[in-house]
Every structure is written in structure tokens, then in C-alpha cells.
Amino acid sequence: MNKALSNLTEPFQALHNKLFAKLYLAQTISLLGDAITWVGLALLAYQFGEERAAVILATALTLRVTAFIIFSPFAGVLADRIDRKKILYVTHFIRMGLVALLPFVTAEWQIYALVFLMNVFNAFFSPTYRSVIPQVVDKKLYREAIGLSAATYQILGILGPGLAGILAVWLGAREIFLVDAATFIIAGTQHVCLDI
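Worth saying up front: this structure is predicted, and the values here are computed from it rather than measured.

Colleague: Would you mind going over the pattern of salt bridges in detail, with residue names and values included?
Modeller: As enumerated under the stated definition, the model contains two salt bridges in all. Measuring nitrogen to oxygen at the nearest pair gives 3.2 Å for the salt bridge that ties Glu144 to Arg143. A relative accessible area of 59% places Arg143 in the exposed class.

Colleague: Describe in detail the side chain of Ser149, supporting the description with residues and values.
Modeller: Its location among the elements puts Ser149 in helix H6 (residues 139–171). In this structure Ser149 comes out as buried when scored by relative accessible area, which is 7%. A distance of 3.0 Å separates polar atoms of two side chains, one belonging to Ser149 and the other to Gln27. If we ignore the near neighbours within four places in the chain, the residues touching Ser149 are Gln27, Tyr129 and Ile133.

Colleague: Outline the confidence of the model for the chain, supporting the account with residue identities and numerical values.
Modeller: Averaged over every residue, the pLDDT of the chain is 83; the share at 70 or more is 91%. Below pLDDT 50 for its whole length, residues 1–6 participates in zero contacts with residues either more than four positions away or in separate chains.

Colleague: A description of the packing of helix H2 (residues 18–47) against helix H5 (residues 108–136) should follow, citing residues and the corresponding values.
Modeller: At their nearest, the axes of H2 and H5 sit 12 Å apart, and the two run at 160 degrees to each other. In terms of axis orientation, H2 runs roughly antiparallel to H5. Here the hand of the crossing between H2 and H5 comes out left-handed. Each of Leu19, Phe20, Leu23, Tyr24, Gln27, Thr37, Trp38, Leu41 and Leu44 in H2 lies in contact with H5, whose residues at this interface are Ile111, Val115, Met118, Tyr129, Val132, Ile133 and Val136. Residue classes in the contact of H2 with H5 are distributed as 14 nonpolar, two polar and no charged.

Colleague: An account of the nonpolar core is requested, with residue identities and associated values reported.
Modeller: Leu41, Leu102, Val105, Ile111, Val115, Met118 and Phe177 are the most contacted members of the largest nonpolar core, which has 20 residues in total. In terms of residues, this core owes the most to one element, H5, which gives five residues. Leaving out residues up to four positions away in the same chain, Met118 has contacts with Thr37, Arg95, Leu98, Val99 and Leu102. Among the nonpolar cores identified, the runner-up in size contains 14 residues, and Ala14, Tyr24, Ile133 and Val136 belong to it.

Colleague: Talk me through the packing of aromatic side chains; I want residue IDs and the actual numbers.
Modeller: How two aromatic rings sit relative to each other is set out by the distance from centre to centre and by the angle between their planes. Applying the stated criterion across every chain, the model contains three aromatic pairs. Put simply, the rings of Phe71, Phe116 and Phe124 pair up and form one aromatic cluster. When the ring centre of Phe125 is taken as origin, the NZ or CZ atom of Arg95, which lies over that ring, is 4.3 Å away.

Calculation notes
Residues numbered from 1 in each chain as written. Predicted model: local features only at pLDDT ≥ 70, side-chain atom pairs only at ≥ 80, totals over all residues. Heavy atoms only, no water. Salt bridge = Lys/Arg side-chain N within 4 Å of Asp/Glu carboxyl O. Buried < 20%, exposed > 50% of the residue type's maximum accessible area, 1.4 Å probe, protein only. Helix = DSSP H or I, 4+ residues; strand = E, 2+ residues; numbered from the N terminus. Polar contact = N/O pair within 3.5 Å; in protein donor to acceptor, adjacent residues only side chain to side chain. Contact = heavy atoms within 4.5 Å. pLDDT = per-residue confidence, 0-100. Axes fitted to C-alpha atoms, helices over the stretch in contact; angles between N-to-C directions. Parallel < 35°, antiparallel > 145°, perpendicular 65-115°, else oblique. Left-handed = near helix turned anticlockwise from the far one by under 90°. Nonpolar A, V, L, I, M, F, W, Y, C, P; charged D, E, K, R; others polar. Core = buried A, V, L, I, M, F, W, Y, C linked by side-chain atoms within 4.5 Å. Phe/Tyr/Trp six-rings, centres within 6.5 Å; stacked < 30°, edge-to-face > 60°. Lys NZ or Arg CZ within 6 Å of the ring centre and 35° of its normal.

Structure (C-alpha cells):
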């Protein structure tokens with residue numbers, strides 16, 4: 001019985017490390033915010049006309065991937081030369097500012113510009129986040145930390161849009177971007193507090 005309980009709690013052992021727990025909390029909040037952003041973008045695209053919504057979303061997703069492809073290779077080089085903590089919180093707060101502009105969008109090109117810029121900074125944030133995990137977690141808990149991080153990513157990929165949809169019904173399509181900006185503030189304060 002104790003061994004079965006130990007196997008169930010094993011993935012959470014890495015959370016005993018306070019630095020990783022802060023990093024994990026920031027990741028969880030940030031992933032919820034990402035779900036809010038994409039549901040909000042879908043609703044925002046629909047406001048530009050039912051016939052334009054699919055084109056707007058397809059273009060936004062293409063720009064997201066394009067930003068990653070172009071800028072991700074530079075992220076590793078930058079992370080080796082600049083303080084990683086600084087990269088985490090600077091890119092985080094810039095993305096927060098960009099998300100906070102989404103409720104005020106009045107033209108399609110503004111959606112494209114904001115999505116592209118958000119993902120330019122995300123291309124630097126994501127690899128830096130992954131490179132910080134080995135710095136803050138012991139080798140013996142590294143597997144658990146990566147597993148927990150990956151599982152959370154998958155779970156929130158499923159549950160996040162549902163929660164975002166509920167928020168959109170409750171608050172409104174444009175207003176949920178302000179909730180997303182608030183999630184950036186909460187997650188960003190965790191990055192600022194990291195001692196790495």
C-alpha cells in the first residue's frame with residue numbers, strides 16, 4: 001500500500017524544491033493564460049465576421065509558428081550570454097503588455113502584429129524556461145520535474161480552453177484578455193523571485 005502511494009506521489013517530489021515550485025506555479029498560470037489568449041483570439045476573429053474568422057485564426061497560428069522558427073535558434077545563444085532570470089521576466093512582462101492591447105484591436109492586421117510579437121518573445125521565453133529546470137532541480141529529481149511540467153502542459157491544453165470559454169461567457173470576449181494579462185503579472189512575479 002505504501003509503495004503504491006509512493007508511486008502516485010513520486011511525480012510531485014520535485015515540488016519540495018522551492019525554486020522549482022515557483023517555476024512550476026509560474027508555468028501553470030502562464031499555460032492557463034495561453035489558453036485564454038487562444039480562445040479570446042478565436043472569439044475576436046469571429047467579431048470581424050463569421051466568414052473571416054477561419055482566415056484570421058489560420059493566419060495567426062501561422063505567424064505563431066513562423067515566429068518560433070525564426071527566433072528560437074537565437075534563444076539558446078542569448079540564454080548563454082544574458083542572465084536567464086532577466087530573460088524570463090523581461091519577455092514575460094513584454095508579452096503581458098502585448099496581450100493587454102488585444103481588447104482594443106480594431107483591425108485584422110493588429111491581431112497579426114500582436115500575435116507575431118507575442119510569439120517572438122515567447123520564442124525566447126520557452127527555451128530559457130526549459131534550460132532553467134536543470135539549474136534548480138537535483139539530478140535525482142530532474143525526471144520528475146520534467147514529467148510534471150510536461151503533464152501539466154498536456155492537461156491544461158485540454159482543460160484550459162474550457163475554463164477560458166467559461167470566462168468568456170461570464171466576462172466577455174475582449175475582457176478575457178485582461179484576465180490573461182493578470183495571469184502574466186502573477187506568473188511574472190514568480191520569475192522575479194527566482195534565485196537563479
